[in-house]
Amino acid sequence: MAVVACGAIAQPMAQSVARHGWSVDVHPLPPLLHNQPHRIASEVERLAGSLAERYDRVVVGYADCGTYGALDEVCERLGLERLPGLHCYDLYAGADRMEELLDAEPGTYLLTDFLVRSFARTVEQELGLDRWPELRDEYFRHYTRVVWLAQSTDELELRELRTLAQAAAERIGLPLEVLHTGSVGLDAALGALVDG
Amino acid sequence: MTPEEILQGLYDETLKGNGPRVLELTHQALALDMTPGSLLFDALIPALEEVGARFERGDYFVPEMLIAGRAMAGSMEILRPLLADTGVETIGKFVMGTVKGDVHDIGKNLVNIMLEGAGFEVIDLGVQVAPEKFVAAIEEHEPDIVGFSAFLTTTMPMFKANLNALEKAGLRDKVIVMVGGAPVTQEYADVVGADGYAADASATVKRAKALLKERRSKVPA
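Residues numbered from 1 in each chain as written. Chains lettered and ligands numbered in written order. Predicted model: local features only at pLDDT ≥ 70, side-chain atom pairs only at ≥ 80, totals over all residues. Heavy atoms only, no water.

The name given to chain B in an unreviewed UniProt entry is Dimethylamine corrinoid protein, with the source organism recorded as Nostocoides japonicum T1-X7.

An unreviewed UniProt entry annotates chain A as DUF1638 domain-containing protein of Nostocoides japonicum T1-X7.

Concerning the overall build of chain B
Within chain B one finds nine helices and five strands. For chain B, the succession of helices and strands along the chain, N to C, is α-α-α-α-β-α-β-α-β-α-β-α-β-α. For the C-alpha atoms alone, the extent of chain B along its principal axes is close to 55 × 40 × 25 Å. Of all 221 residues assigned to chain B, the portion counted as buried reaches 51%. Long-range contacts, defined here as pairs at least 24 residues apart, represent 72% of the contacts in chain B between residues at least 6 apart. Carbon and sulfur atoms form 55% of the exposed surface of chain B, whose accessible area is close to 10,000 Å². In chain B, 21 side chains carry a positive charge and 32 a negative one; their mean positions are 5 Å apart. (Helix = DSSP H or I, 4+ residues; strand = E, 2+ residues; numbered from the N terminus. Buried < 20%, exposed > 50% of the residue type's maximum accessible area, 1.4 Å probe, protein only. Contact = heavy atoms within 4.5 Å. Areas by Shrake-Rupley, 256 points an atom, 1.4 Å probe, with all protein chains shown as cover. Lys, Arg positive; Asp, Glu negative; His and termini not counted. Charge placed at Lys NZ, Arg CZ, Asp CG, Glu CD.)

Topic: the sheet that holds strand S2 (residues 25–29) of chain A
All names here are of chain A. Strand order in the open sheet made by the three strands is S2-S1-S3, with parallel pairing throughout. Unpaired on one side and paired on the other, S2 and strand S3 (58–61) mark the two borders of the sheet. Between one strand axis and the next, the sheet turns through 25 degrees on average, direction left out of account. Bridge analysis of strand S1 (residues 2–6) against S2 gives five bridges, and the strand direction is parallel. Within the sheet, the bridge partner assigned to valine 3 lies in S2 and is valine 26. Where helix H1 (residues 10–20) meets the sheet, its contacts fall on S1, S2 and S3, and the angle it forms with S2 comes to roughly 180 degrees. (Pairing = 2+ DSSP bridges. Axes fitted to C-alpha atoms, helices over the stretch in contact; angles between N-to-C directions.)

Considering the packing of aromatic side chains
Per the counting criterion, the structure on display carries eight aromatic pairs over all chains. Linked through ring pairs, Tyr109, Tyr139, Phe140 and Tyr143 of chain A together constitute an aromatic cluster. (Phe/Tyr/Trp six-rings, centres within 6.5 Å; stacked < 30°, edge-to-face > 60°.)

Regarding the UniProt feature "domain: DUF1638" (unreviewed entry) in chain A
On the UniProt side, "domain: DUF1638" (unreviewed entry) is annotated at positions that read residues 29–184 of chain A here. Helix makes up 46% of residues 29–184 of chain A and strand makes up 13%, while its end C-alpha atoms are separated by 22 Å. (UniProt positions renumbered as here; feature names shortened; annotations may be inferred.)

Below, the structure written as structure tokens:
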């Protein structure tokens, strides 16, 4: 089985596959598609198409991810299953928890371990903040907090990520909150796809 | 610098988003008695139109649009009162806001930049705008068009709530309603009963102009 995976969650997926000993290959698409969701459906279709002959099954390692149904149309047309939820945040924290979090404070800017590690590239550079730091308030003036959904359970790694998350939050001028989610939700969702 | 060089400079530096240089050239132009209208229509608006075209072609992305818009906005701060003094009229008045429960405003701000660049007067109500605030703003400013922006599927239903509030206040027929935002589609705009929808900032300007023209052609002068 092959998983066409968002590059932002491909690594935890591969770890999950290794942990469970599933016979699954993870094929990541570039994580920066995260910032251009209108391209996700066509890229998934292209990669899934190219994998179809080599694998018995191909599944999609994306939630809706801002495609607003375009990915579901591709999945339906090609007979592919995908991860549940609107975003990977739902997979980590659970959809209900995410709804509560955003209802309590709509101005919540979310980070995952991947986004914490790649903040300079996936956030600052993509938003042009490296070239025009004065745009910071254009993007973030209505946000009131950063919530880092921490997946790692390794103490040493968590300490390192915590420092990076704090620095990221400071760079966009917001206080940091940490929600330890682990990867149980992603693990379970991927398991459901594997069980098919 | 000659007036032609200044106009070219304003155009080029707006495209690059070089705010300080755009400001400097604006002052130089006015010192040479160039008209505010000339700066607007012969340099700034064409520059913003080119920014929109580059965005449509995929040559520019959100940061480039925002920085160009900021450069133009700096010049407009100086030109706006002068334009009013010289009787240059805006092509229409647009009240804009992100709906209640939604704090996302990058798309809305890009639309504002393009609308202002096209000659609209834009009154931006900001984010998390409740229906009653839209109603109050429409009563106060009497805009030609009101725009509702939503970035989340969970806040899109506020379009309908806003439209209901306009109906209740007796304002629905007095203003054109446009809706937009990442999850919004023409079908959704039709379902909620909006007059117009556009997929991006440039398309919004074109659609707004077309809706305005249509409305004005129906209303006796």
